[in-house]
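# Examining the three-dimensional arrangement
Residues per chain are reported as follows:
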Amino acid sequence: MFNELTKLFGGQRKERRHSPRKKARFNISWVKNGNELIPGVGMEMSLNGLLLATKTPPGVPDFDIIMEIQGRKIRTRLHTARSGSILRENQQWTVIGATYSGIAADDYDAIVRFCKDIPESANRAATELAAKDKTDDAYRMLPMRVQQHVLDALIRLGRLDMPMPNQQPLLRMSPLGTDKGKQRLAVHSRIAGGHGADPQSFDSVIVIDESGAVKVES
C-alpha cells in the first residue's frame, strides 16, 4: 500500500534530479499541542524534505514532527508542500509531502548520511566536535527569518555581538510556553568584549507572534 502512495505523492521529477531521495519506511509522529504525538508512517526522505502518511492530519501547513532514523530521534519543523487523501483498506489516509523549515545542524547531518547511505562511524568525529559547539535546538528550530529577527532585536539592544559568517551566535534559548499563538522564550546572550573589556552576559525574554515578529519583553 505505502509503495503505491509513494509513487502517487513522492517528489517530482525535477526534485529527484537535484536531491538524493531514499524510499524507506521509518517511524514518525507529528506533534499536537506541544507534546501529544500523533502516529504516522514515513515513506520517503530527501535532503529537502520528506513524505509521510497519517490517519489524523495536522490541519495546518506548518507543524513539528519527531522521527527516528538509524536509531536517532530527530525533531524538526515541516512546511507542507503538497498533500492529498486516499482510501486504502477502508481507512482514510492523508499523505503529506513537506520541506524542512527548522532543523538542528547535527540532525540534518544525520539525514544526509541516511539519504546517501553514509555509515554513522564515517562522520562520528565531526558529529562529536559539532556537539561541543552546539547552539540549543530551541533557536535552531525557528525558521531562518525568525532567527534573524531574534538576532536583530538583541543586537539593537546591545545584548549580542553580530556573528561572523558561518559562526553561531553567542546565545542559548529555552521555551517558556505559548499564549494565544505567541511563543515566549528565555534567551541568554553574551557579548565577547575585547580591547580590555570583560565579556558581558544578558538574560532576556522574547515574544514571537504568529507572523514571526519578535518583541523583547524584558
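Residues numbered from 1 in each chain as written. Predicted model: local features only at pLDDT ≥ 70, side-chain atom pairs only at ≥ 80, totals over all residues. Heavy atoms only, no water.

## Observations concerning the pattern of salt bridges
Tallied over the entire structure, the rule returns 6 salt bridges. Here K22 makes a salt bridge to D117, at a shortest N to O gap of 2.6 Å. Here K22 is found in strand 1 (residues 21-32), whereas its partner D117 is found in the loop between helix 3 (105-116) and helix 4 (124-132), with 95 residues between them in sequence. Its salt-bridge partner being R184, residue E217 comes within 2.6 Å of it at the nearest N-O pair. Of this pair, E217 sits in the segment after strand 10 (214-216) while R184 sits in strand 8 (residues 182-191), and the two are 33 residues apart along the sequence. On the basis of relative accessibility, which here comes to 30%, the residue R184 falls in the partly exposed class. Members of the salt-bridge network, linked through shared partners, are D64, R75 and R77. (Salt bridge = Lys/Arg side-chain N within 4 Å of Asp/Glu carboxyl O. Helix = DSSP H or I, 4+ residues; strand = E, 2+ residues; numbered from the N terminus. Buried < 20%, exposed > 50% of the residue type's maximum accessible area, 1.4 Å probe, protein only.)

## Side note on the layout of surface pockets
Empty space within the largest pocket amounts to approximately 1,300 Å³. Forming the boundary of the largest pocket are 35 residues, of which D64, R75, R77, T178 and Q183 lie nearest the centre. Put simply, the parts of the chain that give the lining of the largest pocket at least two residues each are strand 1, strand 4 (62-69), strand 5 (72-88), helix 5 (137-140), helix 6 (144-156), strand 7 (171-179) and strand 8. Partitioning the lining of the largest pocket into residue classes produces 15 nonpolar, 9 polar and 11 charged. (1 Å grid on protein atoms, 1.4 Å probe; cavity = no way out; pocket = protein on both sides within 12 Å on 5 of 7 lines; lining within 4 Å. Points joined across faces, edges and corners; volume = space filled by probe spheres on them. Nonpolar A, V, L, I, M, F, W, Y, C, P; charged D, E, K, R; others polar.)

## Points about the nonpolar core
Membership of the largest hydrophobic core comes to 23 residues, with the highest contact counts inside it found for M45, L50, L52, I65, M67, L78 and I111. Among the elements of the structure, strand 1, strand 2 (36-46), strand 3 (49-54), strand 4, strand 5, strand 6 (91-102) and helix 3 are those that each provide at least two residues to this core. Considering each element in turn, this core owes the most residues, 5 residues, to helix 3. Among the nonpolar cores identified, the runner-up in size contains 15 residues, and V146, V150, L154 and V187 belong to it. (Core = buried A, V, L, I, M, F, W, Y, C linked by side-chain atoms within 4.5 Å.)

## Observations regarding the sheet that holds strand 8
The strand order across the open sheet formed by 4 strands is 7-8-9-10, and the pairing between neighbours is antiparallel. The open sheet terminates on both sides in strands that have one partner only, identified here as strand 7 and strand 10. Put simply, the sheet's adjacent strands are angled 30° from each other on average, direction ignored. (Pairing = 2+ DSSP bridges. Axes fitted to C-alpha atoms, helices over the stretch in contact; angles between N-to-C directions.)

## Topic: the pairing of strand 5
Of the pairings in the sheet, the one linking strand 4 to strand 5 comprises 8 bridges and is antiparallel in character. Residue pairing for strand 5: E68 is matched across the bridge by K73. Between strand 4 and strand 5, which pair antiparallel in sequence order, lie 2 residues; one of them, Q70, sits at a positive phi of approximately 50°. Pairing analysis gives 11 bridges linking strand 5 to strand 6, with the strands arranged antiparallel.

## Things to note about the pairing of strand 7
By the bridge criterion, 8 bridges tie strand 7 to strand 8 in an arrangement that is antiparallel. Bridging from a neighbouring strand, P175 pairs with L185 of strand 8.

## Some points on unusual backbone geometry
Its identity as a non-glycine residue notwithstanding, N33 has a phi of 55°, on the positive side. Among the secondary structure elements, N33 is positioned in the loop between strand 1 and strand 2. Given the relative accessible area of 67%, N33 is considered exposed. For K180, which is not glycine, the phi torsion reads 55° and is therefore positive. Tracing the chain through its elements places K180 in the loop between strand 7 and strand 8.

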